[in-house]
Structure formats: C-alpha cells, structure tokens
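Coordinate inspection notes
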Amino acid sequence: DSKVGANDLLELAWLLLTDSYHTDLCVRFPPHLIALGCLYMAGGLQGRSDLLPFLCSGMEGCSPADEREVRQVCEIMVKFYTQDHDSDNPTTTAK
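Residue numbers here run from 1 along each chain, matching the order of that chain's written sequence. pLDDT decides what is reported in this predicted model: residues at 70 or higher carry local features, side-chain atom pairs at 80 or more are listed and counted, and totals for whole chains, interfaces and linings draw on all residues regardless. Each side-chain value is derived from all of the structure's non-hydrogen atoms; neither hydrogens nor water enter the calculation.

Description of the overall build of the chain
Note on conventions: DSSP H or I runs of at least 4 residues are helices, E runs of at least 2 residues are strands, and numbering of each starts at the N terminus. In terms of regular secondary structure, the chain is built from six helices and zero strands. Think of it in three bands: with a 1.4 Å probe and only protein chains considered, a residue is buried below 20% of the maximum accessible area for its type, exposed above 50%, and partly exposed in between. Per-residue burial over the chain gives 29% buried out of 95 residues. Taking contacts inside the chain between residues at least 6 apart in sequence as the whole, the part at least 24 apart equals 68%. Summed over all atoms, the accessible surface of the chain reaches about 6,400 Å², with 56% contributed by carbon and sulfur. Note on contacts: a residue pair is in contact if any heavy atoms of the two residues lie within 4.5 Å. Surface accessibility follows the Shrake-Rupley procedure with a 1.4 Å probe radius. Residue values consider only the protein chains on display as shielding.

Some details on the pattern of salt bridges
Salt bridges are identified by distance alone: a Lys or Arg side-chain nitrogen within 4 Å of an Asp or Glu carboxyl oxygen. Applying the stated criterion across every chain, the model contains one salt bridge. Note that Asp24 is salt-bridged to Arg28, the shortest N-O span being 3.7 Å. A relative accessible area of 48% means that Arg28 is categorised as partly exposed.

Description of the packing of aromatic side chains
Centres within 6.5 Å are what make two rings of Phe, Tyr or Trp a pair, Trp counting through its six-membered ring; a difference in plane orientation under 30 degrees is then read as stacked, over 60 as edge-to-face, and the rest as tilted. Per the counting criterion, the structure on display carries one aromatic pair. Each ring, one from Phe80 and one from Tyr81, has its centre 5.2 Å from the other, and the planes form 65 degrees; the classification is edge-to-face.

Here's the deal with the nonpolar core
Inside soluble globular proteins, nonpolar side chains tend to come together where they are buried. Only buried residues count toward a nonpolar core, which is a set of Ala, Val, Leu, Ile, Met, Phe, Trp, Tyr and Cys residues joined through side-chain atoms within 4.5 Å. Of all hydrophobic cores here, the largest spans 18 residues; its most connected members are Leu25 and Phe29. At the level of secondary structure, the elements contributing two or more residues to this core comprise helix H1 (2-20), helix H3 (31-45) and helix H5 (64-82). Per-element tally for this core: the top contributor is H3, with seven residues. Ignoring sequence-local partners within four residues, the contact set of Phe29 consists of Ile34, Glu69, Gln72, Val73 and Ile76.

Here we look at H3
Over its 15 residues, H3 extends 21 Å from the first C-alpha to the last, a length consistent with the 21 Å expected when each residue adds 1.5 Å. Among the residues of H3, those classed as buried are Leu33, Ile34, Leu36, Gly37, Cys38, Tyr40, Met41, Ala42 and Gly43. In the stretch just after H3, Gly47 is the one whose phi turns positive, near 80 degrees. Multiply 1.5 Å by the residue count of a helix minus one, and that product is the helix's expected span.

Quick notes on the state of the cysteines
Cysteine sulfur atoms are paired as a disulfide whenever they fall within 2.5 Å. Under the definition given, this model contains zero disulfides. No disulfide involves Cys38; its nearest neighbouring cysteine sulfur is the one of Cys74, lying 7.5 Å away. Residue class for Cys38 comes out buried when judged on its relative accessible area of 1%.

So this is what it looks like as structure tokens:
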C-alpha cells in the first residue's frame, strides 16, 4: 500500500530531522533544505534513492545548487550517525 509506504517515509524523515538538532545543520542551511535532506535520506534508507529530483521539482525555485546542498545535509547526517558518540561520554571511556 503506497499510503503505508509514504507514512513510513515521513516517520523516518521525522526521526532524522529530530536527530539533525544534534548537528550544526540548523546554522548552516535553511530549514527547507534540511527537511528535503531528511526526506531524501529516508527515501534512500528505504531503497528509494530517486526521490531528490522529484522532491526538488515540486519546489518552486529549487535549483541544482539546492540539490547539492541537500546532498551536503545528507553527508553531515551520515557523519553524525557514523561518528563515535562514546568518545564524548567520560562514563563510557573510563574503564
């Protein structure tokens, strides 16, 4: 069912968006590009990597530069998820 798939996509994008507050994205990019990045990343995690052109085509004035910035948002989020979070927590590094 496509409605269930869309709801799953939006739920995952929302989770990514809330995690984005643990990064500096909100001071580097406008909100609409962070939102698009989270939607694009959620789509990629669900095997729908074709979403970026579709997402940007639906926005008035979305340019190739915006697409590059959306990809940068995704790169920053991937770095956030792949970094060692335990190194910042003294309770987990002291043994």
